[in-house]
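Chains, contacts and geometry: an overview
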Amino acid sequence: MELNTYPNNFKTDAIYEDKPLLYNFDSTYDLTPTTTKTILNADYLYKTGGNQKMNNIKFNDKTYYFNGLILTKNKDLIDDVVDYQYILYIEGIDTLNYIYIGIPVKLETDTSNNTNEIDAIQLLFEEDETDTVNISSDLINELMPINEYYYDYKTDKIFNANKFTPVILFKNSTLKTKYNNTSLKINKTTNVNIPLVRSKDYCYQSSYISPNIGSNKIYIDCQPVELLGEENEIQVSGINSYDKVYQFMELGIGFIFIFIILKIILNFQKSKKNQ
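Residues numbered from 1 in each chain as written. Predicted model: local features only at pLDDT ≥ 70, side-chain atom pairs only at ≥ 80, totals over all residues. Heavy atoms only, no water.

Thoughts on the overall build of the chain
Rules: We count a stretch as a helix when DSSP gives it H or I for four or more residues in a row; a strand needs E for two or more, and each element gets its number in order from the N terminus. The cut-offs for exposure are 20% and 50% of the maximum accessible area for each residue type, with area from a 1.4 Å probe on protein chains only; residues under the lower value are buried, those over the upper are exposed, and the others partly exposed. Note on definitions: a residue-residue contact is assigned when non-hydrogen atoms from the two residues lie within 4.5 Å. Values of accessible area rely on a 1.4 Å probe in the Shrake-Rupley scheme; residue burial ignores everything except the protein chains shown.
For the chain, the helix and strand inventory stands at three helices and 21 strands. Looking at the chain as a whole, 39% of its 275 residues qualify as buried. Within the chain, residue pairs in contact and separated by at least 24 positions form 71% of the contacts whose partners lie at least 6 positions apart. For the chain, the accessible area works out to roughly 16600 Å², and carbon and sulfur atoms hold 52% of it.

Let's talk about the sheet that holds strand β2 (residues 8–10)
For the record, the criterion: One requirement defines pairing of two strands: DSSP has to find at least two bridges between them.
What the three strands build is an open sheet, ordered β10-β2-β17; its pairing is parallel. Where the open sheet ends on each side, the last strands, each with one partner, are β10 (77–78) and β17 (190–191). As paired strands, β2 and β10 are joined by two bridges and run parallel to one another. Across the sheet, the residue bridging to asparagine 9 is leucine 77, located in β10.

Side note on the confidence of the model for the chain
Applied cut-off: On a scale of 0 to 100, pLDDT captures the predictor's confidence in every residue.
When the pLDDT values of the chain are averaged, the result is 80; 78% of them are 70 or greater. Within the chain, strand β15 (residues 165–170) carries the highest mean pLDDT (95), whereas strand β21 (residues 233–236) carries the lowest (37). Segment residues 215–246 is flagged for pLDDT under 50; beyond a separation of four residues in sequence, or across chains, it makes 41 contacts in the model.

A look at the nonpolar core
Nonpolar side chains in soluble globular proteins tend to be buried together. Quick note on the threshold: Only buried Ala, Val, Leu, Ile, Met, Phe, Trp, Tyr and Cys residues count toward a nonpolar core, and they belong to the same one when joined by side-chain atoms within 4.5 Å.
Among the nonpolar cores identified, the biggest contains 35 residues, and Leu21, Leu69 and Met144 are the most heavily contacted of them. Other than its neighbours up to four places away in sequence, methionine 144 contacts Leu21, Tyr23, Phe25, Ile90, Ile101, Ile103, Phe170 and Cys203. In terms of nonpolar packing, the next biggest core, distinct from the first, is built from 20 residues, Phe10, Tyr151, Tyr153 and Phe159 among them.

Set out below in structure tokens:
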């Protein structure tokens, strides 16, 4: 789906599409100090810096390297879920082609919560640092949601891209932060009538991101949404369907030919007896 709008308000459907999302952020990264960019009257917090020699993301048979992080309140909505404050984008790039992986971030309202968990958003964006920040690959990998499906679409309006750019969206994540920036400006969302297509599988961390091309297949969930139970899937494969029809026709013609030969032989034997 290609759109000329951002941010958007989406609904979802029961159609699955097999577009595997693999990631492996296996380097340390020197991120620049946070800069605020205003694009089309909305604010974005940028931290850039990546390793252009390493493939870190693979989506729909295309590979990208990590190029930075973007935090904003100017976010897409999925099924009217509004209980998160920000969306954190992981930016990938391949030459001049970008990809954005959007992860929802909730605001931690319990400020007395003194757990040992690292507040990655606060760590990355709250400090007014003037030097580059060195972060480990573990921190970036842990930003990615686990056991969560994702959605994707393309738009030429995100970050003023001026060409259709893939955007991957997660509906849920465990990311929380105490960082509360109330000055970030946002735009009004656009309602989209075409539903988003969900991934068939979860994203997963791979030990190596290969540029090899794989196959993509579409699956349809045939079970009504109201019913609970195991999902039934039908794989749509047009080429294989034609092959099966052709094989069936060959088999049917063969049976007809054998039947005609047997009929001729039986008639011939019957006529000899009558003589």
